[in-house]
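Residue strings, one per chain:
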Amino acid sequence: MDYASPEGDTASVALVRIPARGESQGPLLFNPGGPGGAGLLGTMAAYFGLSESPITERFDLVGFDPRGVGATQPAVDCWDPETETLGDEVFESLGTIVPPLTEEETRALADRCIDGSGGAQALENVGTRTTANDMDVLREVLGEEQIAFLGQSYGTRLGTIYAEQFPDRVRAMVLDGAFDPTLSYQERLLTSYRDFQAAFEAMAASCTMQPDCPLGSDPAGTTAAFQDLLQPLAEEPIPAGEAEVDFALAWGGVVTGLYSPASWPTVIDGLRGVQRGDGTLLLELATALDGSSPDGVGSNQSEALMAINCADEPRLTSDELVQLRDAAFEVAPFADPGTDRAEGARDHCADFPGEGGELGTPHGVDIEGLVPTVVVSITGDPTTPHANGIALAETLGSTLVTVEGEGHTVVALGTNPCVDEIASRYLIEGVLPEGDPTCPSS
């Protein structure tokens with residue numbers, strides 16, 4: 001349970017190993033993102049995305065649910081459907097600035113998490129550094145002196161921490177959709193908000209070309225139109241079947257759809273639904289992000305994300321949280337719920353066990369003995385911006401593969417032959433591309 005007390009309580013980690021389609025040259029560990037993402041399901045999805053790839057021809061694909069996630073035990077369980085709305089869950093799953101919380105509410109939240117997640121010690125040990133230690137136990141269980149690793153989104157952070165802690169045990173590493181290891185928690189959130197605003201504006205501009213766009217016909221006025229449409233939901237939610245959609249849920253649905261231009265038409269239809277007083281479509285989008293059903297059942301990703309961040313990130317004071325809200329809504333006005341920014345300015349991790357901040361910033365700097373690695377980054381990625389990929393590649397001394405276009409992560413999709421060829425040759429043959437190549441969008 002706690003690597004500082006190896007004779008104490010234990011935890012179990014759920015994993016899946018999918019045999020190579022041909023002659024295997026060993027396991028490839030995979031993390032699909034998060035934090036809080038279920039590695040078992042993510043690995044199955046990646047296998048089908050790579051079904052024609054040399055990667056799955058030559059590697060056993062090994063995925064695992066990280067500490068506190070999915071089928072790993074104990075799993076994080078904090079949510080009380082009797083006292084919380086699904087909007088709270090969605091805000092947590094997006095890693096956003098949470099809705100207002102009182103001291104009484106943060107204490108009750110911590111108590112629920114402790115009671116439902118195996119106790120205070122289990123909750124203290126769900127951070128990324130603990131999961132990196134779990135990965136090294138998995139390496140030993142697999143009988144490997146070194147591991148090959150493919151990490152996406154949050155998986156790039158996990159891979160960076162593993163490389164920092166066990167540099168001589170990395171055979172090869174591809175990091176896709178990078179977390180910038182030099183940014184503070186606040187800086188990372190502000191970067192993400194800024195890029196989601198840019199993605200929103202691109203989506204909204206496409207909407208204005210339609211005669212019945214719910215955001216109007218002037219691209220310059222779409223953010224104001226969006227605020228007029230969604231901000232009233234903060235005080236007066238609208239129905240969505242048997243559920244209700246407030247600002248948090250509606251905004252969460254929009255943000256989920258911003259990850260890929262293919263989802264923009266669904267976002268626009270969802271906003272038309274809000275005009276009619278029906279939040280059903282945006283509810284479906286919002287809950288799809290963490291694998292939950294619209295009633296909140298089916299995934300603990302939101303709670304696991306919250307718990308992992310509470311272990312990894314420093315706790316914010318009320319003043320720091322107000323400043324963060326001010327800065328976030330300045331760079332991303334479409335995210336502003338229109339409520340008092342000082343109300344309930346309390347870190348939702350305030351009463352969690354431990355002190356937080358165990359990840360450390362910066363991390364992954366000046367690692368000695370690490371093999372050459374590969375970072376893949378999409379120019380129009382709204383949640384892990386291209387600047388993050390540049391920073392991670394510089395920090396690790398990696399080859400940077402730039403992918404032109406929109407979207408978030410690309411390696412395991414089987415949709416980009418250029419990226420797939422680079423990743424395959426590197427993982428299988430150890431051959432790096434010349435320079436820092438750029439791949440077209442498809």
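The coordinates are above.
Nothing here was measured: the structure is a model prediction, and the numbers come from that model.

Bringing the environment of Gly-155 into the picture now. Note that Gly-155 resides in helix H7 (residues 154-165). Considering only alpha carbons, one finds Gly-155 and Gly-33, 122 residues apart in sequence, at a separation of 4.8 Å. In this structure, Gly-155 is in contact with Asn-31, Gly-33, Phe-149 and Leu-175, ignoring residues within four places of it in sequence.

Attention now goes to unusual backbone geometry. Omega for the peptide link from Gln-73 to Pro-74 comes to -5°, which places this bond in the cis form. Thr-361 connects to Pro-362 through a cis peptide bond whose omega is -5°. Turning to its location among the elements, Pro-362 is positioned in the loop between helix H14 (318-331) and strand E8 (374-380). Residues other than glycine seldom take positive phi values, yet Asp-366 does so here, at roughly 55°. Its place among the elements puts Asp-366 in the loop between H14 and E8. With a phi angle near 70°, Thr-409 is a residue other than glycine that sits in the positive phi range. As for its position among the elements, Thr-409 is in the loop between strand E9 (399-406) and helix H16 (417-429).

Taking 1.5 Å as the rise per residue, helix H6 (residues 128-141) with 14 residues should run 20 Å; its terminal C-alpha atoms sit 20 Å apart, in good agreement. All buried positions along H6 are accounted for by Thr-128, Thr-130, Thr-131, Ala-132, Asp-134, Met-135, Asp-136, Leu-138 and Arg-139. Check the buried side of H6 and you find it contacts strand E1 (15-18), strand E2 (27-31), strand E3 (60-64), strand E4 (147-152), H7 and helix H13 (301-312).

What follows is about the packing of aromatic side chains. For the structure shown, the criterion picks out nine aromatic pairs. Considering the side-chain rings of Tyr-193 and Trp-251, the 6.1 Å spacing of their centres and the 25° angle between planes classify their relative orientation as stacked. Of the two residues, Tyr-193 is situated in helix H8 (residues 185-208) and Trp-251 in helix H10 (residues 247-258); the sequence distance between them amounts to 58 residues. For the residue pair Tyr-193 and Trp-251, the accessibility class agrees, reading buried in each case. Between Phe-200 and Phe-334, the aromatic rings sit 4.8 Å apart at their centres with planes inclined by 15°, giving stacked as the arrangement. Separated by 134 residues along the polypeptide, Phe-200 in helix H8 and Phe-334 in the loop between H14 and E8 bring together distant segments of the chain. The same class applies to Phe-200 as to Phe-334, namely buried. A network of ring pairs unites the aromatic residues Tyr-193, Phe-200, Phe-226, Trp-251 and Phe-334 as a single cluster.

For the rest of this paragraph, the subject is the pattern of salt bridges. Opposite charge on two side chains lets them pair, provided their charged atoms get close. Using the criterion set out here, one finds 16 salt bridges in the structure. Residue Arg-139 pairs with Asp-136 through a salt bridge whose shortest N-O separation is 2.8 Å. Here Asp-136 and Arg-139 lie together in helix H6, a separation of three residues that amounts to about one turn. Between Arg-157 and Glu-313 there is a salt bridge, with the nearest N and O atoms lying 3.0 Å from each other. One end of the pair, Arg-157, is in helix H7; the other, Glu-313, is in the loop between H13 and H14, and 156 residues separate them in sequence.

Attention now moves to the sheet that holds E1. Working definition: the strands of a sheet are paired by backbone hydrogen bonds and lie parallel or antiparallel to each other. With mixed pairing, eight strands are arranged side by side in an open sheet as E1-E3-E2-E4-E5-E8-E9-E10. This sheet does not close on itself; its edge strands, each paired only once, are E1 and strand E10 (438-439). Pairing analysis gives three bridges linking strand E5 (residues 170-176) to E8, with the strands arranged parallel. Directly across from Leu-175, in E8, lies its bridge partner Val-375.

About the criteria used
Residues numbered from 1 in each chain as written. Predicted model: local features only at pLDDT ≥ 70, side-chain atom pairs only at ≥ 80, totals over all residues. Heavy atoms only, no water. Helix = DSSP H or I, 4+ residues; strand = E, 2+ residues; numbered from the N terminus. Contact = heavy atoms within 4.5 Å. Expected span 1.5 Å × (residues − 1). Buried < 20%, exposed > 50% of the residue type's maximum accessible area, 1.4 Å probe, protein only. Phe/Tyr/Trp six-rings, centres within 6.5 Å; stacked < 30°, edge-to-face > 60°. Salt bridge = Lys/Arg side-chain N within 4 Å of Asp/Glu carboxyl O. Pairing = 2+ DSSP bridges.

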